[in-house]
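# Tertiary structure, described
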Amino acid sequence: MITKVWFLLKLLTFQGLFTSPPPDPGFDFFYLALQWPGAYCDTKRACCYPTTGKPAADFGIHGLWPNYNNGSYPSNCDPSNEFDPSEISDLVSTLQTKWPTLSCPSNEGYKFWEHEWEKHGTCSESVMDQHGYFEKTLALRDRINLLQILTDAGIKPNDEFYKLKDIKKAIEKATGFTPVINCNRDPEKNRQLHEILLCVDKSGTEFMDCPMPTDRCPYSHIQFAKF
Ligand code: 5GP
């Protein structure tokens with residue numbers, strides 16, 4: 001009898017029924033923020049291509065940002081956990097392609113990655129270390145080809161204006177999740193597609209519906225800038 005109970009307990013534990021849930025990381029979800037380079041470059045007084053050359057005309061990563069359900073977010077959580085380039089040496093060439101910097105003066109990208117790790121990444125250090133932060137962000141970006149999704153829906157980076165709701169609908173149809181859209185203005189004051197944010201669960205693995213699906217883009221039509 002005792003052996004039987006012991007066996008049953010072992011089986012339940014094995015099936016994960018008795019295992020405790022992962023510890024609370026102290027935030028609720030991530031935003032995966034992807035930026036359109038054309039909208040960064042026609043707005044910033046200074047846009048500089050990285051030392052590796054002009055990035056592809058594609059959405060680049062801005063960052064993976066821990067957030068709270070109420071819309072606020074933690075930042076700069078652990079100054080002692082400084083950015084260490086040696087930890088991501090195997091990822092650098094991929095980061096240069098998919099997480100390119102456009103800030104001036106022209107640089108390799110380390111400053112941008114350092115800023116993102118120290119401001120946002122350190123707030124998720126209970127879930128992923130520095131290498132994991134960059135690796136997971138790259139993997140998430142690879143799972144959704146936003147430019148392809150928009151192009152397939154006839155929405156192209158050609159300086160034309162598109163309905164905001166069509167942009168959102170195309171992404172929702174292809175991914176199952178509604179994105180958050182951020183806009184900015186070009187020098188002619190045209191409202192344009194600047195960033196697309198997708199929500200990711202707090203383990204940094206699965207896309208999810210955004211708890212606060214509020215765009216920072218209250219316009220019906222926005223421009224999709226050339227790059
Ligand atoms: P955030 O604080 O919004 O996460 O990141 C923005 C910071 O990263 C700014 O200080 C900006 O100068 C720097 N940065 C460097 N390269 C880029 C880039 O390509 N895009 C954006 N949005 N910020 C960049």
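These notes cover the structure that comes with them. (Residues numbered from 1 in each chain as written. Predicted model: local features only at pLDDT ≥ 70, side-chain atom pairs only at ≥ 80, totals over all residues. Heavy atoms only, no water.)

Right, let's talk about the overall build of the protein chain for a bit. Each helix and strand in the protein chain was counted, giving 7 helices and 7 strands. Starting at the N terminus and walking to the C terminus, you meet the elements of the protein chain as α-β-α-β-α-α-α-α-β-α-β-β-β-β. In terms of overall dimensions, the protein chain has a C-alpha envelope of 80 × 40 × 30 Å along the principal axes. Among the 227 residues that make up the protein chain, the fraction classed as buried is 42%. Taking all contacts inside the protein chain whose residues are at least 6 apart in sequence as the whole, residues at least 24 apart take part in 77%. (Helix = DSSP H or I, 4+ residues; strand = E, 2+ residues; numbered from the N terminus. Buried < 20%, exposed > 50% of the residue type's maximum accessible area, 1.4 Å probe, protein only. Contact = heavy atoms within 4.5 Å.)

Among the 6 residues that make up strand S4 (residues 180-185), 5 are buried, leaving the element largely enclosed by the rest of the structure. Bridging between S4 and strand S5 (residues 191-200) involves 6 bridges; their strand directions are antiparallel. Bridge pairing in S5 links Asn182 to Glu195. From the end of S4 to the start of S5, which pair antiparallel, there are 5 residues, and Lys189 there has a positive phi angle of about 70 degrees. (Pairing = 2+ DSSP bridges.)

Now for a negative patch on the surface. Taken together, the side chains of Glu87, Asp90, Asp129 and Glu135 define an acidic patch exposed on the protein surface. Note on placement: Glu135 falls in helix H5 (residues 130-143). Here Glu135 falls in the partly exposed class, since its relative accessible area comes to 41%. (Patch = residues over 30% accessible without salt bridge, like charges linked within 9 Å, V, L, I, M, F, W, Y side chains within 5 Å. Areas by Shrake-Rupley, 256 points an atom, 1.4 Å probe, with all protein chains shown as cover. Salt bridge = Lys/Arg side-chain N within 4 Å of Asp/Glu carboxyl O. Lys, Arg positive; Asp, Glu negative; His and termini not counted. Charge placed at Lys NZ, Arg CZ, Asp CG, Glu CD.)

Lining the immediate surroundings of the ligand are 13 residues, of which Thr101, His115, Glu116, Lys119 and His120 lie closest. His115 places a side-chain nitrogen or oxygen 2.7 Å from an oxygen atom of the ligand. Take Glu116: an N or O atom from its side chain is 2.7 Å from an oxygen atom of the ligand. Considered on its own, the ligand offers 510 Å² of accessible surface; in the complex 72% of this is hidden by protein. Secondary structure elements with two or more residues in the shell around the ligand: strand S2 (60-67) and helix H4 (110-119). A total of 4 residues in the shell around the ligand trace back to one element, the largest contributor, which is H4. Classifying every residue of the shell around the ligand by side-chain character gives 5 nonpolar, 6 polar and 2 charged. (Near = heavy atom within 4 Å. Polar contact = N/O pair within 3.5 Å; in protein donor to acceptor, adjacent residues only side chain to side chain. Nonpolar A, V, L, I, M, F, W, Y, C, P; charged D, E, K, R; others polar.)

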